[in-house]
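What follows is the residue order along each chain.
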Amino acid sequence: MKLRSRHLLGIAALEPDEIFLILDTAEGFAEVSTREIKKVPTLRGKTVVNFFVEPSTRTRSSFELAEKRLSADSLNFSPGASSFVKGETLLDTARNLDAMAPDYIVLRHSEAGAPHFLARHCRSSIINAGDGSHEHPTQALLDAFTMRQRKGHLAGLRVAIVGDILHSRVARSNILLLNRVGARVTVCGPPTLLPIEVERMGCAVTHWIDEALQGADVVMMLRVQLERMQSGFFPTLREYARLYGLDARRLKLAAPDAIVMHPGPMNRGIEIMGDVADGGSSVILEQVTNGVAVRMAVLYLLAGGTEGEATA
Amino acid sequence: MRLLLKNGRVVDPASGVDGVLDVLLEDGKITKVEPRIPARGAQVEDVEGLVVCPGFLDIHVHLREPGQEWKETVATGARAAAAGGFTGVACMPNTIPVNDSRSVTEYILAQAREHGGVQVYPIGCVTKGQRGEELAEMGDMFAAGARGFSDDGRCVSSSLLMRRALEYSRIFGVPVIDHCEDPVLVDGGVMNEGETATRLGLKGWPGVAEDVMVERDILLAEDTRGHVHIAHMSTRRAAASVRRAKKKGLRITCEVTPHHLVLNDEAVSDYDTNAKMNPPLRSEADRLALLEALADRTVDAIATDHAPHHGDEKSVEFSRAPFGIVGLETAVSLCLDRLVHGGVIDLARLVELLAVGPAAVLGLAKGSLRPGADADVTVLDLERGVKVDAARFFSKSANSPFLGWKLRGAPVATVVGGRIVHDAR
């Protein structure tokens, strides 16, 4: 089978069989990264523009590596050095990029819906690498890949997502994906950092981390940003850490073989304590490793690839 | 100058008339509404099968002139109004410069006289520079022709200033029109707070930010005996507040836009910037409450909040797009299709909401076809099928979420002061 759209704008547009197609395809690509020569000719001659309007280290490096390991030519384009800061609109910038006929535009943008907007105006395949507080589909896919790798399955998994859900695109994409594959999600955070009616996206809600952790197979901690304190979402980082920080003692409430995830970058001592981040339950670096394979799978499948013939 | 409209169905709720009659217009006034009026040299227009109503008034439009003539001008806005079946419009003061003085009021009226065709009623600012700090010269603007005061687009945030404005405006007997939005609570929200905003990752504009200001204004109106008109009311709780205030006999009026009656916040789902306006499209529960408020007479007027923006300005990221949609050329068809044919209200009630009510809000001697009234008439074809097409707009802008919609019922002729200013029969 193939993906139905030539864009990856969000998990919201993916059917469960497409999610599994990406995860299964990524299995094959994960192996490529363990070889002596970490490169396959799959996307030779294809061009990718990494258009990062909002700063990112991890996601951009991961996409870049995925592109290089597939032998695609990639171009990094960020606003600091471009006409974008001279007042050109996103639409004009994108049309100019598109006129150079790249096969893909990987977009990271501070505003929700920016990739959807480009997809209406560009010929290239648009890949959403994070749009505002909306979606971060490749993150959710690499998280699911990591969960499946460790747990063997996704259906029935109990997943707790803890922290600033309101501003988190990672949380939204994960809630959507995990619902589609039959996992059970509980989100946890102070009411000020939970989006209104989030339960209608299909998740349980609690304000107490101990309740969220109870029996969880997967604990996903989200980054809390200092500016949220300044905007009055919670009183102090100290109190936040006491109410929502994950330490080894609290982790004992989760299932005995629970795994701990974090999309990074971590605030050690605030949402996650060092003993957990570096402990045996942490799969945080595996997430990063798997990110490359998942993004290779996405690039390959969006080019019209089918499962099974990719990694030869 | 004599004009005879023959054989139309006359719907004039102010005089309780609904029947096939002729209407004679002479020298800018209605002189007769009777069966079989002899022509006697008058220009005769046969409107058999059509509906003849008192001229519709849109008491909330943005004509953008002076200052943003690439979006709209008084001339194009007035032309769009005529095409949309409106014989008069009240234009909001958030131009550049803002209309906070006699000179800007006079400029707008001069443009209207030169290019108009429909009546233009300028709304002046409540506060100088629309800054919310000190009262603007309401008396001077009223003398020049302003027929209401508003800092539209902004709420009069200071309760003290709002109190003073309500007290002071009593001199002139015109309303203070408030855009009820507590900006602190809105905090940069771009669409209605709720499930759709949560799914889209867009910052929510909570209904309560409107509700607290509506309640505040009602309390101030009670104390000052001033007239508050709530602009573009959009929430179920605001409707309930206005209903309570009216029961108490307070001088509270309100308007609702066609888009808040027809769409809910799910219209934003594809990040359509033409579904972005202020106040935002609300939940389905809010929309249904507004329909109820139309029917039970809580709502005084339907007004479009016609807010033209250039296509380039709307072709940006959703959160960066300006608020607002055009409405003059879609309002009447939307109302006929969704409200009258849709069974929400009857035709007489719609005429009240588009003619009688708006005239009463601004204290204009309009909204009736009684002999002696001004010869402003809107003619409707209840069965005319229309497809909303930007290419046919007279407005300079086409930022509408209704493009491509097929609707039943349309305004087909507009008569202002006894003169036909638009004819699409």
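Residues numbered from 1 in each chain as written. Chains lettered and ligands numbered in written order. Predicted model: local features only at pLDDT ≥ 70, side-chain atom pairs only at ≥ 80, totals over all residues. Heavy atoms only, no water.

**A word on the overall build of chain B**
- The helix and strand inventory of chain B stands at 13 helices and 18 strands.
- Computed over C-alpha atoms, the radius of gyration of chain B comes to 20 Å, within 12% of the 22 Å expected from 2.2 N^0.38 for 425 residues, which places it in the range of a compact globule.
- Taking the principal axes of the C-alpha coordinates as reference, chain B spans close to 65 × 45 × 45 Å.
- Counting all 425 residues of chain B, 63% fall into the buried class.
- Pairs at least 24 apart in sequence give 75% of the contacts found in chain B among residues at least 6 apart.
- Accessible surface computed for chain B: about 15000 Å², of which carbon and sulfur atoms make up 49%.
- Charged side chains of chain B number 49 positive and 59 negative; the gap between the two group centres comes to 3 Å. (Helix = DSSP H or I, 4+ residues; strand = E, 2+ residues; numbered from the N terminus. Rg over C-alpha atoms; globule rule 2.2 N^0.38 Å. Buried < 20%, exposed > 50% of the residue type's maximum accessible area, 1.4 Å probe, protein only. Contact = heavy atoms within 4.5 Å. Areas by Shrake-Rupley, 256 points an atom, 1.4 Å probe, with all protein chains shown as cover. Lys, Arg positive; Asp, Glu negative; His and termini not counted. Charge placed at Lys NZ, Arg CZ, Asp CG, Glu CD.)

**Brief notes about the side chain of N50(A)**
Residue and element names in this part refer to chain A.
- On the secondary structure map, N50 appears in strand β1 (residues 47-52).
- The class of N50 is buried, set by a relative accessible area of 0%.
- A distance of 2.9 Å separates polar atoms of two side chains, one belonging to N50 and the other to N76.
- If near-sequence neighbours (up to four positions away) are discounted, N50 is found in contact with F63, E64, E67, S74, L75, N76, F77 and V106. (Polar contact = N/O pair within 3.5 Å; in protein donor to acceptor, adjacent residues only side chain to side chain.)

**Structural notes on helix α4 (residues 159-169) of chain B**
Residues and elements named next belong to chain B.
- Every buried residue belonging to α4 is among L161, M162, A165, L166 and S169, and all of these are buried. Down the axis of α4, the buried set is contained in an arc of 135°. They therefore lie on one face.
- Where α4 is buried, its residues contact α3 (138-144), β10 (176-178), α7 (208-224) and β13 (228-230). (Arc of directions from axis to C-beta.)

**Some thoughts on the interface of chain A and chain B**
- Taken together, the contacts link 22 residues of chain A with 15 residues of chain B.
- Summed over both sides, the interface between chain A and chain B buries roughly 1600 Å², with carbon and sulfur atoms accounting for 53% of that surface.
- Per-residue buried area on chain A facing chain B is highest for E111(A), A112(A) and I196(A); these three make up 28% of the total on that side.
- The tally of links from chain A across to chain B stands at three salt bridges.
- Between E111(A) and R320(B) there is a salt bridge, with the nearest N and O atoms lying 3.2 Å from each other.
- Summed over the shared surface of chain A and chain B, the number is twelve residue pairs in polar contact (both at pLDDT 80 or more).
- When residues of the side of chain A that touches chain B are traced back to their parent elements, those giving at least two are α3 (90-99), α4 (114-119) and α6 (169-180) of chain A.
- The residue makeup of the side of chain A that touches chain B, split by class, is ten nonpolar, six polar and six charged. (Buried area = accessible area lost by both parts, 1.4 Å probe. Salt bridge = Lys/Arg side-chain N within 4 Å of Asp/Glu carboxyl O. Nonpolar A, V, L, I, M, F, W, Y, C, P; charged D, E, K, R; others polar.)

**Re the packing of aromatic side chains**
- Considering all chains together, one arrives at seven aromatic pairs over all chains under this definition.
- Between F234(A) and Y240(A) the ring centres are 5.0 Å apart and the planes differ by 40°, which places this aromatic pair in the tilted class. For the pair shown, F234(A) and Y240(A) are each scored as buried.
- When the centroid spacing of 5.8 Å and the interplanar angle of 70° are considered together, the rings of Y168(B) and F172(B) count as edge-to-face.
- Owing to a relative accessible area of 18%, F172(B) belongs among the buried residues under this scheme.
- Among the aromatic residues, those joined into a cluster by ring pairs are F234(A), Y240(A) and Y244(A). (Phe/Tyr/Trp six-rings, centres within 6.5 Å; stacked < 30°, edge-to-face > 60°.)

**Describing the pairing of strand β3 (residues 29-34) of chain B**
Residue and element names in this part refer to chain B.
- Relative to β3, strand β2 (residues 17-26) runs antiparallel, the two being bridged by five bridges. Each residue of the ladder has a partner; that of D22, found in β3, is E34.
- Hairpin connection between β2 and β3: a loop of two residues separates the two successive antiparallel strands, and D27 in this loop has a positive phi of roughly 45°. (Pairing = 2+ DSSP bridges.)

**Things to note about the environment of P401(B)**
All names here are of chain B.
- Within the fold, P401 resides in the loop between β16 (377-387) and β17 (406-416).
- Looking at P401, the relative accessible area reads 15%, which means it is buried.
- Remark: the alpha-carbon pair of P401 and K276, spanning 125 residues in sequence, is separated by 9.0 Å.

**Description of the sheet that holds strand β2 (residues 73-77) of chain A**
Residue and element names in this part refer to chain A.
- Ordered by their spatial adjacency, four strands build an open sheet running β2-β1-β3-β4, and the pairing between neighbours is parallel. Edge positions in the sheet fall to β2 and β4 (125-131), since each has one partner strand and no second. Pairwise comparison of adjacent strand axes, ignoring direction, gives a mean angle of 15° for this sheet.
- Pairing of strand β3 (residues 104-109) with β4 involves five bridges; the strand directions are parallel. (Axes fitted to C-alpha atoms, helices over the stretch in contact; angles between N-to-C directions.)

**Let's talk about the side chain of E210(B)**
Residues and elements named next belong to chain B.
- For E210, the position within the fold is in helix α7.
- The class for E210 is buried, based on a relative accessible area of 2%.
- Ignoring anything within four residues of it in the chain, the contact list for E210 reads C180, W205, H232, M233, S234, T235, A238, P279 and R282.

**Side note on a nonpolar patch on the surface**
- On the surface, L185(B), V208(B) and V212(B) cluster together into a nonpolar patch covering about 190 Å² of accessible area.
- Structurally, the position occupied by L185(B) is in helix α5 (residues 183-186). (Patch = residues over 30% accessible without salt bridge, like charges linked within 9 Å, V, L, I, M, F, W, Y side chains within 5 Å.)

**Considering the environment of T330(B)**
Residues and elements named next belong to chain B.
- On the secondary structure map, T330 appears in the loop between α11 (311-314) and α12 (331-340).
- In the structure, T330 is positioned 205 residues away from C125 in sequence and 27 Å away in space, judged by C-alpha atoms.
- If we ignore the near neighbours within four places in the chain, the residues touching T330 are V388, F393, S400 and F402.

**Concerning the packing of α12(B) against helix α13 (residues 347-362) of chain B**
Residues and elements named next belong to chain B.
- Following both chains from N to C, one finds α12 and α13 inclined at 145°, their axes separated by 11 Å at the closest point. Considering how the two elements wind past one another, α12 and α13 form a crossing that is right-handed. Mapping the contact onto sequence places V332, C335, L336, L339 and V340 in α12 and L347, L350 and L354 in α13.
- Among the residues making up the contact of α12 with α13, the classes are represented as eight nonpolar, no polar and no charged. (Left-handed = near helix turned anticlockwise from the far one by under 90°.)

**With respect to helix α8 (residues 236-247) of chain B**
All names here are of chain B.
- Its twelve residues give α8 an end-to-end C-alpha distance of 17 Å, which sits within 8% of 16 Å, the value for a rise of 1.5 Å per residue.
- For α8, the complete set of buried residues consists of A238, A239, S241, V242 and A245. The arc enclosing the buried residues of α8, seen along the axis, measures out at 160°, which places them on a common side.
- Each element contacted by the buried residues of α8 is listed here: α7, β13, β14 (252-256) and α10 (284-295).
- Positive backbone phi, at 85°, marks G249, one or two positions downstream of α8. (Expected span 1.5 Å × (residues − 1).)

**Overview of unusual backbone geometry**
Residues and elements named next belong to chain B.
- A cis amide bond links E65 with the next residue in sequence, P66, at an omega value of 5°.
- Summarising the element assignment, P66 is placed in the loop between β6 (56-61) and α1 (74-83).
- Of note, the bond from I96 into P97 is cis; its omega dihedral lies within 30 degrees of zero at -5°.
- Along the chain, the position of P97 falls in the loop between β7 (86-91) and α2 (102-115).

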